[in-house]
Amino acid sequence: MIKSLNSKILNVIILIGIFITGVLLLATPMISIALFKTQIPISQLNSIMINVSICVYLCFIPYMISLFKLKKLCRLIIKNIPFTMASSKALKTISICSFSEIIIFSGCLLYLKYFVIPFNDTLIIPAIIVVTFVCLVIGLLCLTLSQLFETATKIKDENDKTI
């Protein structure tokens, strides 16, 4: 009962996360205009807004894929069938998305630092280090759990066949 309740709570949290991410994604151009309006000339505003929006949208793709895969995992847990190959594949996908987020985020920040004027004087190395560490830990954890779920699924299948 508690396990099912925890899974349902996690599922609701993921749905809220998906909703908030979607709203923020749609608001990205407006937020970037508001942030840069007082700092830069209006002639450069469109160019900067486009660059920032593209970087945010690129970072959004693996993040959203991971959220939907996590939602799929919650659905499998709620149905009480967590040890399936679908769980293992979802965890592998999350780990791949996490590793790709490191590359995309670092590339976007470096691009913004060296090619977009308002970002020239910003410190990006601490942000890259933090995001790299977090994504690396999440990716390695999901990859390890994927292997664990795959092994558990094989053992479960063998036990089901022998009984």
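Residues numbered from 1 in each chain as written. Predicted model: local features only at pLDDT ≥ 70, side-chain atom pairs only at ≥ 80, totals over all residues. Heavy atoms only, no water.

Quick notes on the pattern of salt bridges
Then step 1. Using the criterion set out here, one finds 3 salt bridges in the structure.
Then step 2. Notably, a salt bridge pairs Lys92 with Glu150, separated by 3.2 Å at the nearest N-O pair. With Lys92 in helix H3 (residues 85-115) and Glu150 in helix H4 (residues 125-162), the pair connects residues that are 58 residues apart, well separated along the chain.
Then step 3. Lys92 gets classed as partly exposed once you look at its relative accessible area, which sits at 31%.
Then step 4. Its relative accessible area of 15% is what places Glu150 among the buried residues.
Then step 5. Across the salt bridge formed by Lys156 and Asp160, the nearest N and O atoms sit 3.8 Å from each other. (Salt bridge = Lys/Arg side-chain N within 4 Å of Asp/Glu carboxyl O. Helix = DSSP H or I, 4+ residues; strand = E, 2+ residues; numbered from the N terminus. Buried < 20%, exposed > 50% of the residue type's maximum accessible area, 1.4 Å probe, protein only.)

Brief notes about the layout of surface pockets
Then step 1. Size it by volume and the largest pocket reaches roughly 530 Å³.
Then step 2. Looking at the largest pocket, it is lined by 21 residues, and the ones nearest its centre are Thr28, Val52, Cys55, Val56 and Cys59.
Then step 3. If you list the elements that add at least two residues to the lining of the largest pocket, you get helix H1 (2-36), helix H2 (42-78) and H3.
Then step 4. Top contributing element to the lining of the largest pocket by residue count: H1, with 9 residues.
Then step 5. Of the residues assigned to the lining of the largest pocket, the class counts are 17 nonpolar, 3 polar and 1 charged.
Then step 6. Considering only enclosed or pocket space, the second largest pocket measures out at about 290 Å³ in volume.
Then step 7. In terms of lining, the second largest pocket is formed by 13 residues, of which the most central are Tyr63, Ser66, Ile94, Ser98 and Ile138. (1 Å grid on protein atoms, 1.4 Å probe; cavity = no way out; pocket = protein on both sides within 12 Å on 5 of 7 lines; lining within 4 Å. Points joined across faces, edges and corners; volume = space filled by probe spheres on them. Nonpolar A, V, L, I, M, F, W, Y, C, P; charged D, E, K, R; others polar.)

So, the nonpolar core
Then step 1. Counting residues in hydrophobic clusters, the biggest one holds 15 residues, and the most contacted among them are Phe36, Ile48, Val52, Leu112 and Phe119.
Then step 2. Sorting the residues of this core by element identifies H2 and H3 as the ones contributing at least two each.
Then step 3. With 5 residues, the single largest contributor to this core is H2.
Then step 4. Setting aside chain neighbours within four positions, we find Phe119 in contact with Phe36, Val52, Leu112 and Lys113.
Then step 5. In terms of nonpolar packing, the next biggest core, distinct from the first, is built from 6 residues, Leu73, Ile94, Cys142 and Phe149 among them. (Core = buried A, V, L, I, M, F, W, Y, C linked by side-chain atoms within 4.5 Å. Contact = heavy atoms within 4.5 Å.)

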